[in-house]
Amino acid sequence: MQLDEPWVRTAPDKAARFGVKAINRALDGIPGPNIVHLCFGYAAMVKNKPAGYAFLSELAGSAAAQISIEAAQPRLDLGVLRDLTGKTVVLGVIDLNDPAIETAESVAARLREALRYVPAERLVAAPDCGMKYLPRATAFGKLQALAQGAAIVRRELIGTRG
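Quick look at the structure, then.

1. Topic: the overall build of the chain
Then, in step 1: Helix and strand counts for the chain come out as 4 helices and 5 strands.
Then, in step 2: For the chain, the α and β elements follow one another from N to C terminus as β-α-α-β-β-β-α-β-α.
Then, in step 3: For the chain, the spread of C-alpha atoms along the principal axes amounts to about 40 × 40 × 30 Å.
Then, in step 4: A separation of at least 24 residues holds for 68% of the contacts in the chain among residues at least 6 apart in sequence.
Then, in step 5: Counting only carbon and sulfur atoms, one obtains 55% of the accessible surface of the chain, whose full area is about 8400 Å².
Then, in step 6: Positive and negative side-chain charges in the chain, numbering 20 and 16 respectively, have mean positions lying 2 Å apart.

Here it is as structure tokens:
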């Protein structure tokens, strides 16, 4: 189950009072993996996204097993991932505002940077958000780059363990 949560990042002062409690209540009793996606809004609609999350560290104390964040379009400093110790991070590595299709190597570079802060077993590559506003061929190309970039990093990780 994934909650798309645009509010905690836009009103962190109010979220500090009851954001985590509300998220925990919404997820209570839900079987299976649960995720909170911090939504900046569809790239087709929201062009200027903030460069950071004001409420990220508080989510480390939430019941969500996974936190999904947009990181590609806002060029997020991935050092903030330190705040999510113990959570699986679903990391946006595909910029949905840029019509250019990422290369597999650019995706791999973003994942390598994230691995400085999150162990491989708790890192999931994803697009920043939904792809519904992209032409089909562009979306497909971006997803291919995502899969190929993740495969590059996976091979590197297996090679370092062997």
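2. Regarding unusual backbone geometry
Then, in step 1: Positive phi, normally seen in glycine, also occurs at Arg75, with a value near 55 degrees.
Then, in step 2: Its place among the elements puts Arg75 in the loop between β3 (66-69) and β4 (88-94).

3. What about the pattern of salt bridges?
Then, in step 1: If you walk through the whole model with that rule in mind, you get 5 salt bridges.
Then, in step 2: Across the salt bridge formed by Glu102 and Lys142, the nearest N and O atoms sit 3.0 Å from each other. In this pair, Glu102 is assigned in the loop between β4 and α3 (104-114) and Lys142 in helix α4 (residues 136-161), connecting sequence segments 40 residues apart. With respect to class, Glu102 is no different from Lys142; both count as buried.
Then, in step 3: The salt bridge involving Glu113 is made with Arg116; its shortest N-O contact spans 3.0 Å.
Then, in step 4: Arg116 sits in the exposed class, given a relative accessible area of 57%.
Then, in step 5: If you follow the salt bridges from partner to partner, you end up with Glu105, Arg112 and Glu156 in one network.

4. Some words on the pairing of strand β2 (residues 35-38)
Then, in step 1: Side-chain alternation along β2 places Ile35 and His37 on one buried face and Val36 and Leu38 on a second face that is also buried.
Then, in step 2: Sheet analysis places strand β1 (residues 2-5) next to β2, joined by 4 bridges and oriented parallel. Looking at the pairing, Glu5 lines up with Leu38 of β2.
Then, in step 3: Here β2 pairs with β3 via 4 bridges, running parallel. Bridge pairing links Val36 to Ile67 in β3.

5. Here we look at the environment of Val153
Then, in step 1: Relative to the helices and strands, Val153 resides in helix α4.
Then, in step 2: A relative accessible area of 5% means that Val153 is categorised as buried.

What counts as what
Residues numbered from 1 in each chain as written. Predicted model: local features only at pLDDT ≥ 70, side-chain atom pairs only at ≥ 80, totals over all residues. Heavy atoms only, no water. Helix = DSSP H or I, 4+ residues; strand = E, 2+ residues; numbered from the N terminus. Contact = heavy atoms within 4.5 Å. Areas by Shrake-Rupley, 256 points an atom, 1.4 Å probe, with all protein chains shown as cover. Lys, Arg positive; Asp, Glu negative; His and termini not counted. Charge placed at Lys NZ, Arg CZ, Asp CG, Glu CD. Salt bridge = Lys/Arg side-chain N within 4 Å of Asp/Glu carboxyl O. Buried < 20%, exposed > 50% of the residue type's maximum accessible area, 1.4 Å probe, protein only. Pairing = 2+ DSSP bridges.

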